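Overview (structure and organization)
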Amino acid sequence: MNDKDKKEQRVEDLKNAGVAGAAYESVQRYGAAAKQHYVAYSGQDNEIGKNLVKGLKQISEEKVNPDYKYQNIQQQAGFSAEVKDVARTNAEKIINGDSTRKIRTDDLGSVNDPLYDTVTIDAEGNVIDGSGAQMKFLGASENDPTGEGNAARALEKLQSKKFQKYLDADAKIDVPSDQFDKIIQEANNKIDNLSKQLENQKQAGNTEQVKRLQEKIDKLEKIKKNLRRSTVSSEEAVFARLHPGLSTAIDVAKVSHRAGVETAKTSAIIGGSVSIVKNLVSVCKGEEEPEEAIKNVAKDTATTAAVGYGTGFTGTALKGAMQNSGSEYVRALSKTNIAGTVVAVTVSATKTLSRYFKGEIDGVECLETLGEQGTGMISSAMFAAIGQIVIPIPAVGGLIGGMVGYAISSATYGILTESLKEAKLAKEEREQIEQICNEHIKMIREYRAEMEKIINEYLIDSMEVFRDSFSGIKNALAIGDVDWVIESANTITENFGGQAAFSNIDDFNEKMLTGTTFKL
């Protein structure tokens, strides 16, 4: 790699570190939101050491009577809806900076509370007065597969004596998101019809009928007033009962997508700004035409936005999983920018490996570059966290910290060599720097010789393994086959004498849920 290519690679890595740093606040916030869905699935909140009465996985494993399969699934789907609604509501609260949390009364220790399924608690864990709510997923019928009459049946049940206690307690009633509007419309139709009857009875002077009709109207008005739209639809509730893992993955992906879009916007500004300066200089030097510079700026902006999206999306999903890990060490790491930095390292490393496989750089240069990128990016993760604390402005603190960390970790030797150019250095200081530089040069030569030996004796014979495995990973990602990704990665591990930690996604999920420690 010539000096120009090295300089461009360094700028690119610095920019990626800046993107990872700028994504710090978003990844932390959206990652904490994603964690709510991991907790809902497993039923375990490892961060605060609390277990839910039931998570989505446990609910999906409940017994079903073959003679009453439809009724059992619908009932269990109602419990899944409660868990999922709490996770979605709290995820949104975290994203918006709201310190209150929704919680099931079962998980507060009040199992089968006679009035409320959920309440809202403040930051100190105190129940907020008037926040109690019931969740009622009613109306589904096996004889009505289209669900056309669900809303009408649900309203009839809500008017029955069985549900009067909730109206007397002025409890909010959460209903499926897809039924809410239809139930309101059903109630309005009934109120209109009853109002006409009421007028007729008033004219007839029938006092008892007037009183009875007015009570029905008042009850319907009360139901309308207390009715709320749940964050979960009827279909989503059943899907969560039948496919809890996939349902959770969809919710995590939705949260991660929002983080990706947010970080893409910031990253586009970073990439565009850097590109404008770089191309403006090139135009002034006569190295490129203005039209070419405009195209380059657009391309660089789009590329950096894509990197930013990937950093936000993947970083959020990873951060959420780390925050709810059974390992205290992993949970501590989740508070740094390591999740977003993993993506940045992967982007930079992929480009370096691609150059190596194309024969543009040799093996030693490949490993040297990977080493510098890894060290630099890890430092950027640490400094991004520090930067966000020192400059508590979303994106700005992390951006500055990330770029500073990467620059500091990557520039030590460069600073020493550049110091030799300073004409005013005292003779003793110059000799001291020369001695340090010579030591560095000696170490680099020894390091290079050792790397040559390793590559010649160890890596070259395994190139086919790398090519096949990387090809398998690429193809598996293209079609979304997780087991194929794991199998391809395990091929490398096993080829070099290692033992795979897990063989497929089911094996991985099982190990994650046991709470035991294992090494990847």
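What comes next is a walk through the structure.

So, the overall build of the protein
Regarding its fold elements, the protein presents 20 helices and 7 strands. Put simply, the protein has 520 residues, and 41% of those count as buried. For the protein, the proportion of contacts with a sequence separation of at least 24, taken over those separated by at least 6, is 64%. Of the accessible surface of the protein, which amounts to about 28,400 Å², a share of 55% is contributed by carbon and sulfur atoms.

Some thoughts on the nonpolar core
Most often, soluble globular proteins have nonpolar side chains that are buried together. Membership of the largest hydrophobic core comes to 24 residues, with the highest contact counts inside it found for Ile183 and Leu227. Going through the elements one at a time, α5 (150-158), α6 (164-168), β6 (172-175), α7 (180-204) and α8 (207-226) are the ones with two or more residues in this core. In terms of residue count, α7 provides more of this core than any other element does, 7 residues in total. Core analysis: the next-biggest nonpolar cluster, separate from the first, contains 11 residues, Tyr30, Ala32, Ala259 and Ala317 among them.

Some words on the packing of aromatic side chains
Summed over all chains, the structure comprises 1 aromatic pair. Note on phenylalanine 163 and tyrosine 166: the rings are 5.9 Å apart at their centroids and 45° apart in plane angle, and the pair reads as tilted. Neither residue differs from the other here; phenylalanine 163 and tyrosine 166 are each classed as buried.

Observations regarding the pairing of strand β4 (residues 118-121)
Residues Thr118 and Thr120 point to one face of β4 and Val119 and Ile121 to the other, with burial holding for every one of them. Examined bridge by bridge, strand β3 (residues 101-104) and β4 share 4 bridges and lie antiparallel to one another. Following the sheet pairing, lysine 102 is matched in β4 by threonine 120.

Some points on α7
The terminal C-alpha atoms of α7, which comprises 25 residues, lie 36 Å apart, in line with the 36 Å expected from a rise of 1.5 Å per residue. Within α7, the full set of buried residues consists of Phe180, Ile183, Ile184, Ala187, Ile191, Leu194 and Leu198. Check the buried side of α7 and you find it contacts α5, β6, α8 and β7 (227-229). Downstream of α7 by one or two residues, glycine 205 has phi in the positive range, about 75°.

Some thoughts on the packing of α5 against α7
It is at 9 Å that the axes of α5 and α7 come closest, and there the two elements cross at 65°. With respect to α7, the element α5 is oriented roughly perpendicular. In this structure, the crossing between α5 and α7 has a hand that is right-handed. Here α5 contributes Ala151, Ala152, Ala154, Leu155 and Glu156 to the contact with α7, which in turn contributes Lys182, Ile183, Glu186, Ala187 and Lys190.

A look at helix α9 (residues 234-242)
Those residues of α9 not exposed but buried are Ser234, Ala237, Ala240 and Arg241. In a view along the axis of α9, the buried residues occupy a sector of 130°, so they form one face of it.

What to know about the side chain of asparagine 324
Considering the arrangement of structural elements, one finds asparagine 324 in the loop between α11 (290-323) and α12 (328-333). Apart from the residues lying within four places of it in its own chain, the contact partners of asparagine 324 are Lys35, Tyr38, Val39, Ser42, Gln44, Asp45, Asn46 and Glu47.

Side note on the pairing of β6
Each regular strand displays side chains that alternate between the two surfaces of the sheet. Judged from the 3 bridges that link them, strand β5 (residues 133-135) and β6 form a sheet pairing that is parallel. For glutamine 134, the partnering residue across the bridge sits in β6 and is isoleucine 173. By the bridge criterion, 3 bridges tie β6 to β7 in an arrangement that is parallel. Looking at β7, one finds that aspartate 174 is bridged to arginine 228.

Comments concerning the pattern of salt bridges
This structure, assessed with the given rule, holds 22 salt bridges. In this structure, aspartate 170 and lysine 225 form a salt bridge, with 3.8 Å as the shortest nitrogen-oxygen distance. Of this pair, aspartate 170 sits in the loop between α6 and β6 while lysine 225 sits in helix α8, placing them 55 residues apart in sequence. Residue class for lysine 225 comes out exposed when judged on its relative accessible area of 52%. With a closest N to O distance of 2.8 Å, arginine 228 and aspartate 174 form a salt bridge. In this pair, arginine 228 sits in strand β7 while aspartate 174 sits in strand β6, placing the two residues 54 residues apart along the sequence. One salt-bridge network, held together by shared partners, links Lys84, Arg88, Glu236 and Asp251.

Structural notes on the environment of serine 282
Note on placement: serine 282 falls in helix α10 (residues 244-284). A C-alpha to C-alpha distance of 8.0 Å links serine 282 and alanine 293, two positions 11 residues apart in sequence. The residues touching serine 282, leaving out its near neighbours within four places in the chain, are Glu287 and Glu288.

Focus on a negative patch on the surface
Side chains of Asp483, Glu487, Asp506 and Glu510 sit close together on the surface and give a patch of like negative charge. Looking at the negative patch, the elements that each hand over two or more residues are α19 (482-495) and α20 (505-514). Along the chain, glutamate 487 falls in helix α19.

Rules used in this analysis
Residues numbered from 1 in each chain as written. Predicted model: local features only at pLDDT ≥ 70, side-chain atom pairs only at ≥ 80, totals over all residues. Heavy atoms only, no water. Helix = DSSP H or I, 4+ residues; strand = E, 2+ residues; numbered from the N terminus. Buried < 20%, exposed > 50% of the residue type's maximum accessible area, 1.4 Å probe, protein only. Contact = heavy atoms within 4.5 Å. Areas by Shrake-Rupley, 256 points an atom, 1.4 Å probe, with all protein chains shown as cover. Core = buried A, V, L, I, M, F, W, Y, C linked by side-chain atoms within 4.5 Å. Phe/Tyr/Trp six-rings, centres within 6.5 Å; stacked < 30°, edge-to-face > 60°. Pairing = 2+ DSSP bridges. Expected span 1.5 Å × (residues − 1). Axes fitted to C-alpha atoms, helices over the stretch in contact; angles between N-to-C directions. Parallel < 35°, antiparallel > 145°, perpendicular 65-115°, else oblique. Left-handed = near helix turned anticlockwise from the far one by under 90°. Arc of directions from axis to C-beta. Salt bridge = Lys/Arg side-chain N within 4 Å of Asp/Glu carboxyl O. Patch = residues over 30% accessible without salt bridge, like charges linked within 9 Å, V, L, I, M, F, W, Y side chains within 5 Å. Lys, Arg positive; Asp, Glu negative; His and termini not counted. Charge placed at Lys NZ, Arg CZ, Asp CG, Glu CD.

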